[in-house]
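Below, each chain spelled out in residue letters.
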Amino acid sequence: MHLAPRDTQAFRGNFTYRNSRKAIERFPFPFPEDDYRYSVNIEPHRLPGPKGSVYEHMLDIDEHYLSETAERDMVLMQDPGRCLAMPHMEPACWDLVEFVMSCYAKDYPEHFSFERQGDECLWENRPLKIQQRFRFGDPASLPLPPMEYIGRQMQGDFALLDQRHGDLFMDAGVITSPADWSLAFDAGMSFKQWHGPVPLAHEMGVFERALKYLCAIQAGGPVRRLNWTMTIHPRMDSSPETYHEWGRDRTTITPDNVGKDVFLRVELQTLVRMPRSHALFFGIRTYLISLDDLVTNQVWARRLHRVLKGLPQALVDYKGLSRYRGTLVEWLSQYDDDVEPREYS
Ligand code: HEM
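Summary of the structure given here. The model shown is predicted, which means the values in this text are computed figures rather than measured ones.

For the rest of this paragraph, the subject is the overall build of the chain. The number of helices and strands found in the chain is 13 helices and 10 strands. Compactness check: the chain gives a C-alpha radius of gyration of 20 Å against a globular reference of 20 Å for 345 residues, within 12% of the reference. Along the three orthogonal principal directions, the C-alpha set of the chain runs to about 65 × 45 × 40 Å. The 345 residues of the chain split such that 36% are buried. Look at the contacts in the chain between residues 6 or more apart in sequence, and 70% of them connect residues 24 or more apart.

For the rest of this paragraph, the subject is the sheet that holds strand 10 (residues 280-290). On the basis of which strands lie adjacent, the open sheet formed by seven strands has the order 1-8-9-10-6-7-2 and antiparallel pairing. Of all the strands in the sheet, just strand 1 (43-44) and strand 2 (83-85) have a single pairing partner and so form its edges.

Let us look at helix 13 (residues 325-332). For helix 13, the set of buried residues is L328, W331 and L332. For helix 13, the angular spread of the buried residues around the axis is 95°, confining them to a single face.

As a packed pair, helix 11 (residues 298-309) and helix 13 sit with axes 9 Å apart at the nearest point and diverge in direction by 145°. You can see that helix 11 and helix 13 cross each other, and the crossing is left-handed. Judged by residue contacts, A301, L304, H305, L308 and K309 of helix 11 engage R325, L328, V329 and L332 from helix 13. Taken together, the residues that form the contact of helix 11 with helix 13 break down as six nonpolar, one polar and two charged.

Attention now moves to the site of the ligand. Within the structure, the ligand sits among 23 residues, and W181, P197, V198, A210 and F282 are positioned closest to it. At the level of secondary structure, the elements contributing two or more residues to the shell around the ligand comprise strand 6 (157-164), strand 7 (167-174), helix 7 (206-215) and strand 8 (223-232). Along the lines of polarity and charge, the residues of the shell around the ligand split into 17 nonpolar, three polar and three charged.

In this section: the nonpolar core. Judged by nonpolar contacts, the single largest core of 44 residues is most densely connected at C93, L96, L160, A172 and F281. The element contributing the most residues to this core is helix 3 (residues 90-107), with eight residues. When sequence neighbours within four positions are dropped, the list of residues in contact with L96 reads M147, I150, L160, M274 and F281.

Below, the discussion takes up the environment of D157. Relative to the helices and strands, D157 is located in strand 6. C-beta crowding within 10 Å serves as the criterion here: with 25 such atoms nearby, D157 is assigned to the buried category. Considering only alpha carbons, one finds D157 and V174, 17 residues apart in sequence, at a separation of 5.8 Å. With residues near it in sequence (within four places) discarded, D157 still touches V174, I175, T176, S177, P178 and I284.

Here we come to the pairing of strand 10. On a regular strand, one side chain projects to one face of the sheet and the next to the other, so that they alternate. Extensive coverage of strand 10 is indicated by the burial of nine of its 11 residues. Where strand 6 lies against strand 10, five bridges are found, and the strand directions are antiparallel. Directly across from L160, in strand 10, lies its bridge partner F281. Across 11 bridges, the pairing between strand 9 (residues 262-273) and strand 10 is antiparallel. Pairing of E267 across the sheet is with T286, part of strand 10. A loop of six residues connects strand 9 with strand 10, the two strands running antiparallel in sequence, and H278 in this loop sits at a positive phi of about 70°.

Attention shifts here to the sheet that holds strand 3 (residues 112-117). The three strands lie next to each other as 3-4-5, forming an open sheet whose pairing is antiparallel. Where the open sheet ends on each side, the last strands, each with one partner, are strand 3 and strand 5 (130-135). The average angle at which neighbouring strand axes cross in this sheet is 10°, direction not considered. Summarising the sheet, strand 3 and strand 4 (residues 120-125) pair through six bridges and their orientation is antiparallel.

Summarising the element assignment, L47 is placed in the loop between strand 1 and helix 2 (65-78). Taking the C-alpha atoms as reference points, L47 and H57, separated by 10 residues in sequence, lie 6.4 Å from one another. Residue contacts for L47: discarding those within four places in its chain leaves H57 and M58.

Calculation rules
Residues numbered from 1 in each chain as written. Predicted model: local features only at pLDDT ≥ 70, side-chain atom pairs only at ≥ 80, totals over all residues. Helix = DSSP H or I, 4+ residues; strand = E, 2+ residues; numbered from the N terminus. Rg over C-alpha atoms; globule rule 2.2 N^0.38 Å. Buried ≥ 20, exposed ≤ 12 C-beta atoms within 10 Å, placed from the backbone. Contact = placed C-beta atoms within 7 Å. Pairing = 2+ DSSP bridges. Arc of directions from axis to C-beta. Axes fitted to C-alpha atoms, helices over the stretch in contact; angles between N-to-C directions. Left-handed = near helix turned anticlockwise from the far one by under 90°. Nonpolar A, V, L, I, M, F, W, Y, C, P; charged D, E, K, R; others polar. Near = placed C-beta within 6 Å. Core = buried A, V, L, I, M, F, W, Y, C linked by C-beta atoms within 7 Å.

Have a look at this one:
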């Protein structure tokens, strides 16, 4: 089942973003248990995944494709620094061009095609009405630098990590919808440096083990993990650079607007070794769901209640939930009695 790209909706202003019933059903709910703690929750990205799920293809595209690429254009217009590629990442940028074009064309042939003969390439992106001939490896044959060119046509953020001395460095990427972090700030940092602000996980050895795992990823052996937080309104761009626009929203949550205004924000993160440059692709596909939509699934509603109730204070503070966790937990308690919940149908 493919979700067709839908008309443009807004992740800002009047927030016209909506999920269809299908998008709600395939939402990657991230909690396998009633308790949530940080862990090395990495698993092989086995393909194809279950049909219609967000795991079916290497790079998931859904009904928000057009809205998200339009949102990216707006962010980049206001702040070109959200796209950054250090000069030594040029080979990785070309790896990325080939990777994304090949995946999109193979998995969504009704929307994309990619033909390559030697270095001569023809790319077609029908939803965005783009047809482009170019010479692979020749930046002059594209209207934009290669990473930015394809990055503007991708759904989801990504970083390209350079691997050297047994570590990973954030040396390139397009990050226009971060959950409160900044590519410009983290640029050039190592794995443990950019994870510096994360509480508890360093002491638990999570990053030590994760880094070893990531450095050993081979071409053809992609892996994935889910990460989550919460956002007020369906706002994709919750970056430190725009904090003045969204920070105070966290103080506006009441029992009357929780369901409509609070969104669970889940990142499907995929890690893929680029074959020639040996860089690591780190894709971040963000899925947003309002709590009103989430509680249509009784199993999810009950579990989210328990997770939030038991979340360690350090994680509550780090994820920016301190101002409204109480209201949220109280509101969700109506979905959590001791009766076995009905499965979503
Ligand atoms: C948070 C990047 C892989 C675990 C973060 C943050 C960034 C980031 C920028 C926000 C830090 C801040 O507050 O400034 C990346 C990149 C990765 C990667 C580029 C790929 C190389 C992983 C892996 C794990 C992990 C494999 C597995 C354990 C976490 C955790 C958080 C985090 C637990 C805190 C998230 C939260 O509570 O909302 N990551 N990460 N990361 N990362 Fe990673």
